[in-house]
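Secondary and tertiary structure notes
These are the residues of each chain, in order.
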Amino acid sequence: MDLGGNVYKFETSSEGEAREVAPVAYYEHIQKINDVFSDQIKMSDQKAAYIFTFMFALLVSSEEGRSVFTWQRYMEGEMLPAIFSVIMALASIFSLLAAILVVLPRKGVTSTTLFWGAWRRHRGEFLEAASRGDSAYLFRQYVDNADVLSAIACSKYRFVIAAFRGLLVTVLAYVCLLAIP
């Protein structure tokens, strides 16, 4: 422990000398970052599922919702309802597609030992680092994994935002359709 209260991890080099790696607080923090990013990825999938369910229920259970996808609505109807119907139909399709894109499997450009799909590729490197007692390797794995999780979360949340905006436009068009006598 240093005078600042930090607890440091040490590792032994191949020559037998101990060297300082990083304060334990940094290990704990990067582990927390990985946990938070994983939770945010799960939350984006849940939000997309809620949006998809709401959109599907609106389109199936509502006469107005179903009718925006019929040709008769546009051929025999008036201009203003037809405009709101087109807006609602396009926004609904957009929102549903964006919600589906959120939950599609995603992976980063790189991978770490923390991703099950890359374990075979990283197993040997992990075992080698473990035999050396290389705790810096573990820290790098957590940092690299945080980078991957961050990229995945950002990508997913872009689609969540798009799906939510499509949902808002759909609901507004739906309300306008209901308000037209």
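Residues numbered from 1 in each chain as written. Predicted model: local features only at pLDDT ≥ 70, side-chain atom pairs only at ≥ 80, totals over all residues. Heavy atoms only, no water.

The subject of this paragraph is the pattern of salt bridges. Under the definition given, this model contains seven salt bridges. Note that lysine 156 is salt-bridged to aspartate 45, the shortest N-O span being 2.7 Å. Taken together, the residues span a long stretch of sequence, with lysine 156 in helix 6 (residues 135-179) and aspartate 45 in helix 1 (residues 24-61) at a distance of 111 residues. Since its relative accessible area comes to 25%, aspartate 45 is described here as partly exposed. Linking arginine 132 and aspartate 134 is a salt bridge whose minimum nitrogen-to-oxygen distance equals 2.7 Å. Counted as one network, the salt bridges with shared partners bring together Glu128, Arg132, Asp134 and Arg140. (Salt bridge = Lys/Arg side-chain N within 4 Å of Asp/Glu carboxyl O. Helix = DSSP H or I, 4+ residues; strand = E, 2+ residues; numbered from the N terminus. Buried < 20%, exposed > 50% of the residue type's maximum accessible area, 1.4 Å probe, protein only.)

When pLDDT is averaged across the protein, the result is 86; 87% of the residues are at 70 or more. Looking at the elements of the protein, mean pLDDT is at its lowest for strand 1 (residues 8-12), recorded as 51, and at its highest for helix 4 (residues 79-103), recorded as 95. In this model residues 1-5 is a low-confidence stretch, pLDDT under 50, and it forms three contacts with partners more than four residues away in sequence or in other chains. (pLDDT = per-residue confidence, 0-100. Contact = heavy atoms within 4.5 Å.)

Judged by nonpolar contacts, the single largest core of 20 residues is most densely connected at Ile51, Met55, Val68, Met88 and Ala163. Where this core is concerned, the elements lending two or more residues are helix 1, helix 4 and helix 6. Considering every element that reaches this core, the biggest residue donor is helix 6, with eight residues. With residues up to four places along the chain from it excluded, the contact list for valine 68 reads Tyr74, Ser85, Met88, Ala89 and Leu177. Core analysis: the next-biggest nonpolar cluster, separate from the first, contains five residues, Val148, Leu149, Ile152 and Ala153 among them. (Core = buried A, V, L, I, M, F, W, Y, C linked by side-chain atoms within 4.5 Å.)

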